[in-house]
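A look at the structure
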Amino acid sequence: MALTGDLKTFNFVDILQIIAKDRKSGILLVEWKDITVAYYVKDGEIIFARPVDRVFRVYAERDFDLLIEKLRISKENLFRTVQRFLIERLDMKEGVFSFTPGFVRYNTNYSVVYPVENIIMMASRTLTPEEVERKISDELILFEPVEGSQDRLKRVELTPEERKVFSLVNGERTVYDIRKDSGLENLTVDRALYGFLALGVIKRKKREKKQKPSIALDLLMKIIERIREL
Amino acid sequence: MRTIKKIKIVIAGPFAAGKTQFINTVSEIKTVKTERKTQAVGEKNVKEYTTVAMDFGKIRIDDEHELYLFGTPGQSRFDFMWEILGEGALGIIILVDSTDPSTFHEARRIINFFQSRFPVPMVVGANKQDLPNAWPPEDVASALDISEDEGIPVLPVSAIDKESVKKVLLALLEIIKEELSA
């Protein structure tokens, strides 16, 4: 089943977050204003990109090795297509996307010059204030690092500012505190937090205090039975 | 005269997520609606009428108790109603239109709103699963940044299907039961 949406309301950081999360494989098709580009995704990594004039062709060529052979692109140069048709377009916000999982047969391993984590952070650096506000909507939100996040960040090229922001996330500082303590611009902090959330290296801190449900168990059981009977 | 005790579950979610339909599907009374014609550009294209204060449906439990399902208005300009309706709720169901990723961020914002004010059990219904372009619940969960340990299950639902709506209600009630027994 294809995942479809509009880049205006669901940006590249969001899309890549979904693709990277379960290390999906498939084809991400983006109809930009000027061209339509097919991005080939293998185990959560974007390994190749090509503009297409007829979309059906993408779905007709399922064997990836045969495809790049036909296009006369060496495996070593695949990353250049990613650079040209994705990295250089990350600041473009208009287009519709559709990701179809599965589909393509990848036979061999391909080197990844732009790991998806890096692309997520690159894309987060292009977010507008309106875009970051969608996730960093409240300066009282508390974030905490996810276990093992330091190791996961080793393969990500972070800017010194992003490192600083990450070092301040401790489950006690609010977004407001992080902005203040970092001495950085709010937008820089918020972009970094947005990117870290998408990478899954930070998460919203769970509230410790839970309200005990104000209902007797026998009444609750009665409600459950009643719903079952409906 | 015997007074009937009311138990409340809140159904929240972005504009056009299917909240009124969800309540309609299981309510034993005709859902009481407070709808007005949509005025905002963008909303008019989606549906003709929208909830402006609340909807409610009712399920009779026994001679002394009724379960009320309160649907909130979806637009954040009515968030003062979310605050009023959330008060005293036994649990909260957040409905999301799985076919419309443009509403996912708003859904997360609504989750944050209720989480910070009413720390009661919550489930997310990934609605409109009957439609061909619906995102699977696990991808909706990722898009909403719901981590596994957040304790908010994201369940598939089609608000027009009674069994499906019942499953979501029962999932919420089971979480309440667990918390009660803990």
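Residues numbered from 1 in each chain as written. Chains lettered and ligands numbered in written order. Predicted model: local features only at pLDDT ≥ 70, side-chain atom pairs only at ≥ 80, totals over all residues.

Observations regarding the nonpolar core
To keep things clear, this is the line we draw: The nonpolar core is taken to be a set of buried Ala, Val, Leu, Ile, Met, Phe, Trp, Tyr and Cys residues joined by way of C-beta atoms within 7 Å. Residues with at least 20 neighbouring C-beta atoms inside 10 Å of their own are called buried, those with 12 or fewer are called exposed, and the rest are partly exposed, where every C-beta is derived from the backbone. Secondary structure follows DSSP: runs of H or I at least 4 residues long count as helices, runs of E at least 2 residues long count as strands, and numbering of each begins at the N terminus. Residue ranges for the domains originate in an automatic or database domain assignment. We call two residues in contact when their backbone-placed C-beta atoms lie within 7 Å.
Among the nonpolar cores identified, the biggest contains 112 residues, and Leu16, Tyr39, Ile120 and Leu193 of chain A together with Ile92 and Ile94 of chain B are the most heavily contacted of them. Broken down by element, this core gets its largest block of residues, eight residues, from helix H10 (residues 186-199) of chain A. Of the domains in this structure, domain 1 (3-114) and domain 2 (127-204) of chain A are the two that each give at least three residues to this core. In this structure, Tyr39 of chain A is in contact with Ile27, Leu28, Val30, Ile46, Ala49 and Leu86 of chain A, ignoring residues within four places of it in sequence.

Topic: the interface of chain B and chain A
Every contact between the two is made by 37 residues of chain B and, on the other side, 37 residues of chain A. Tallying contributions element by element places helix H5 (residues 162-181) of chain B first for the side of chain B that touches chain A, with nine residues.

A word on helix H1 (residues 19-26) of chain B
Counting buried positions along H1 of chain B yields six of eight residues, so the element is predominantly enclosed. The complete set of buried residues in H1 of chain B reads Lys19, Thr20, Phe22, Ile23, Thr25 and Val26 of chain B.

Digging into the sheet that holds strand S6 (residues 91-97) of chain B
Residue and element names in this part refer to chain B. Note the threshold: Two strands pair if DSSP finds at least two bridges between them. For every element, the axis is a line fit to its C-alpha atoms; helices are fit only across the contacting stretch, and the angle between N-to-C directions ranges from 0 to 180 degrees.
Here we have six strands laid out as an open sheet, ordered S4-S5-S1-S6-S7-S8, and mixed in their pairing. Pairing within the sheet leaves two strands with one partner each, and these edge strands are strand S4 (55-60) and strand S8 (154-156). Each strand axis lies, on average, 25° off the axis of its neighbour in the sheet, ignoring direction. Pairing of strand S1 (residues 5-12) with S6, which is carried by four bridges, proceeds in the parallel orientation. Considered in S6, the bridge of Ala12 is made with Ile94.

Describing the domain arrangement of chain A
All names here are of chain A. Using the following cut-off: Charged means Asp, Glu, Lys or Arg here, nonpolar means Ala, Val, Leu, Ile, Met, Phe, Trp, Tyr, Cys or Pro, and polar covers whatever is left, Gly included.
Entries for chain A in the domain assignment read domain 1 (3-114) and domain 2 (127-204). The centre of domain 1, based on its C-alpha atoms, is set 27 Å off from the matching centre of domain 2. Each partner contributes residues to the interface: domain 1 has five residues there, and domain 2 has six residues. Of the residues belonging to the side of domain 1 that touches domain 2, the class tally is two nonpolar, two polar and one charged.

What about unusual backbone geometry?
A positive phi angle is found at Arg72 of chain A, which is not glycine, with a value near 55°. The class for Arg72 of chain A is exposed, based on 7 C-beta atoms found within 10 Å.

Focus: the sheet that holds strand S5 (residues 95-101) of chain A
Residue and element names in this part refer to chain A. Reading across from one edge, S1-S5-S2-S3-S4 is the order of the five strands in this open sheet, with antiparallel pairing throughout. Of all strands in the sheet, those bounded by a partner on one side alone are strand S1 (3-6) and strand S4 (45-51). For this sheet the average axis-to-axis angle between neighbouring strands, irrespective of direction, equals 15°. Relative to S5, S1 runs antiparallel, the two being bridged by four bridges. Bridging across to S5, Asp6 finds its partner in Val96. Across the sheet, helix H4 (residues 78-85) is in contact with strand S3 (36-42) and S4; its angle to S4 comes to roughly 70°.

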